Amino acid sequence: AERVRRFQLLHGRRLKPGPALRPSKGVNEGEQGPVSTIGHYLNPRRENAMHDLERLMWSTIPFAIPIIAIIGGIMLAIIRTTGQQRLAELERRERIAAIERGVDPSKLPPMVGPYSYESGNGSGSRTRRAHGLMIGGLVCIAVGISLMVFLSSVEPDKRIWAIGLMPFLGGVALLISAKVIWPPSDAK
């Protein structure tokens, strides 16, 4: 009773007493077990706080997913770059060790880094990049055309089909960049 009176003085309001008896879990049907209501008087907003916490949790999940994806992508890029740097360092050490053993440097294969434009099967070759850009451009053009056809059939009176121009023109730009990057043919 003293705690209740102190709470009323602090918060300037009277509390309504809760029911002294209510059904509790695990008790047979029809029976009621005694429940202490003093906890409710000490922290009257406990149920609301839990509800607010749950609402806050569910409202932050849509923002947490992209943030986690971005952080994961950045971490993946850092790990991949570090791994490629380590492989390049090992390749240089091997090359130096071979030269120290007396191997002619002209007989060693050329060092081809992942970002070089030399011809070859590496991930950085011009041909491979041009093929990737060409495939991406063709996919974007197909998506743009199909989007334009779909939107013009859904709303024939409106010019909503123009939304399909964005992926279409993006695909055209990718095809142009593939043509620019394409390695020159050595026709002699």
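Bear in mind the structure is a predicted one, so any value in this text is a computation, not a measurement. Along each chain, the written sequence defines residue order, and numbers are assigned to residues from 1. The model is predicted, so local features are restricted to residues of pLDDT at least 70 and side-chain atom pairs to those at 80 or more, both for listing and for counting; the totals for chains, interfaces and linings are taken over all residues. Only hydrogens and water are set aside; all other atoms, that is, all heavy atoms of the structure, feed into the side-chain values.

1. What to know about the overall build of the protein chain
Phase 1 of the analysis: In terms of regular secondary structure, the protein chain is built from 5 helices and 2 strands.
Phase 2 of the analysis: In this description a helix means any DSSP run of H or I spanning at least four residues, a strand means any run of E spanning at least two, and both kinds are numbered starting from the N terminus. Traced from its N-terminal end to its C-terminal end, the protein chain shows the element sequence α-β-β-α-α-α-α.
Phase 3 of the analysis: Restricting to contacts in the protein chain with at least 6 residues of sequence separation, those with at least 24 account for 45%.
Phase 4 of the analysis: All accessible areas in this document rest on Shrake-Rupley with a 1.4 Å probe, and a residue is counted as covered only by the protein chains that are shown. Carbon and sulfur atoms make up 64% of the accessible area of the protein chain, which amounts to about 15600 Å² in all. Only heavy atoms matter for contacts: two residues are in contact if any of them lie within 4.5 Å across the pair.

2. Structural notes on the environment of Trp182
Phase 1 of the analysis: Mapped onto the fold, Trp182 is located in the segment after helix H5 (165-181).
Phase 2 of the analysis: Apart from the residues lying within four places of it in its own chain, the contact partners of Trp182 are Ala130 and His131.

3. Points about the packing of helix H4 (residues 126-154) against H5
Phase 1 of the analysis: Remark: H4 packs on H5, axes separated minimally by 7 Å, with the N-to-C direction vectors making an angle of 160 degrees. Accordingly, the angle class assigned to the pair H4 and H5 is roughly antiparallel. Pair H4 / H5 crosses with left-handed handedness.
Phase 2 of the analysis: Polar here means any residue outside two lists: the nonpolar Ala, Val, Leu, Ile, Met, Phe, Trp, Tyr, Cys and Pro, and the charged Asp, Glu, Lys and Arg; Gly therefore counts as polar. Along the lines of polarity and charge, the residues of the contact of H4 with H5 split into 18 nonpolar, 6 polar and 2 charged. Helix axes are fitted only over the stretch in contact, all axes being lines through C-alpha atoms; the angle between N-to-C directions runs from 0 to 180 degrees. In what follows, roughly perpendicular refers to angles from 65 to 115 degrees, roughly parallel to angles under 35, roughly antiparallel to angles over 145, and oblique to any angle outside these ranges. Crossing handedness follows the turn of the near helix against the far one: under a right angle anticlockwise gives a left-handed crossing, and clockwise gives a right-handed one.

4. Things to note about H4
Phase 1 of the analysis: In this analysis, the expected span of each helix is defined as 1.5 Å times one less than the number of residues it contains. Compared with the 42 Å implied by 1.5 Å per residue over 29 residues, the 42 Å span of H4 between its first and last C-alpha is a close match.
Phase 2 of the analysis: Categorising residues by exposure relies on relative accessible area from a 1.4 Å probe, with only protein chains included: less than 20% of the type maximum marks a residue as buried, more than 50% marks it as exposed, and the intermediate range marks it as partly exposed. Regarding H4, the residues found buried are Ala130, Gly137, Ile141, Gly144, Met148 and Leu151.
Phase 3 of the analysis: Buried residues along H4 sit against H5.

5. Looking at the pattern of salt bridges
Phase 1 of the analysis: Any carboxyl oxygen of Asp or Glu within 4 Å of a side-chain nitrogen of Lys or Arg constitutes a salt bridge here. Enumeration according to the criterion identifies 2 salt bridges in this entry.
Phase 2 of the analysis: Salt-bridge contacts for Arg93 lead to Glu89; the nearest nitrogen and oxygen are separated by 3.0 Å. Of this pair, Arg93 and Glu89 both sit in helix H3 (residues 46-100), 4 residues apart, roughly one helical turn.
Phase 3 of the analysis: The class of Glu89 is partly exposed, set by a relative accessible area of 27%.
Phase 4 of the analysis: Connected through salt bridges with shared partners, the residues Arg86, Glu89 and Arg93 form a single ionic network.

Coordinates in, geometry out; function isn't part of it.
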